[in-house]
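Coordinate inspection notes
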Amino acid sequence: MTVNENSHVVFRDGNLFIDRDLYDRYFARIETVILMKASDAILILPVHNQAAGGNLLKIRNTRGDRCVST
């Protein structure tokens, strides 16, 4: 699978936006993630068991882009 070179992750208004291409590539079938701050970066860690907690990767639009409310 190739990822569109225009694919990206954006933080805006306290939310994390992940476009569908990146979601499909790295988080397919994942419904929750954990966000961790590490120095000057943000780590997005998939959670494979929802009982472990985390933030929901909500579907944002019909294209399949995702959003995490922080």
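Residues numbered from 1 in each chain as written. Predicted model: local features only at pLDDT ≥ 70, side-chain atom pairs only at ≥ 80, totals over all residues. Heavy atoms only, no water.

The subject of this paragraph is the overall build of the protein chain. Counting its regular elements, the protein chain contains one helix and seven strands. Written out in order from the N terminus, the α and β elements of the protein chain read β-β-α-β-β-β-β-β. In terms of C-alpha radius of gyration, the protein chain reaches 12 Å, essentially the compact-globule figure of 11 Å for 70 residues. Expressed as lengths along the three principal axes of its C-alpha atoms, the size of the protein chain is roughly 30 × 30 × 20 Å. (Helix = DSSP H or I, 4+ residues; strand = E, 2+ residues; numbered from the N terminus. Rg over C-alpha atoms; globule rule 2.2 N^0.38 Å.)

Looking at where Asp19 falls in the secondary structure, it is placed in the loop between β2 (15-18) and α1 (20-26). The buried charged residue Asp19 lacks any salt bridge partner; its closest oppositely charged side chain belongs to Arg63, at an N-O distance of 5.3 Å. Engagement of the side chain of Asp19 in a polar contact is seen with the backbone nitrogen of His8, the distance being 2.9 Å. In this structure the side chain of Asp19 is engaged in a polar contact, spanning 3.2 Å, whose partner is the backbone nitrogen of Leu22. (Buried < 20%, exposed > 50% of the residue type's maximum accessible area, 1.4 Å probe, protein only. Lys, Arg positive; Asp, Glu negative; His and termini not counted. Salt bridge = Lys/Arg side-chain N within 4 Å of Asp/Glu carboxyl O. Polar contact = N/O pair within 3.5 Å; in protein donor to acceptor, adjacent residues only side chain to side chain.)

Moving on, we get to the sheet that holds strand β3 (residues 32-38). The pairing of strands in a sheet comes from backbone hydrogen bonds and takes either a parallel or an antiparallel form. Taken in spatial order, the three strands of this open sheet run β4-β3-β5, and their pairing is antiparallel. Edge positions in the sheet fall to β4 (41-47) and β5 (55-56), since each of these pairs with one other strand and no more. As paired strands, β3 and β4 are joined by seven bridges and run antiparallel to one another. Across the sheet, residue Leu35 finds its bridge partner in β4, namely Ile44. (Pairing = 2+ DSSP bridges.)

In the sheet, β2 pairs with strand β7 (residues 66-69) via four bridges, with the strands oriented antiparallel. For Leu16, the partnering residue across the bridge sits in β7 and is Val68. Where strand β6 (residues 58-59) lies against β7, two bridges are found, and the strand directions are antiparallel. Its bridge partner lying in β7, Lys58 is registered against Cys67. Counting the residues that bridge the hairpin from β6 to β7 gives six residues, and of these Gly64 lies at a positive phi of roughly 105 degrees.

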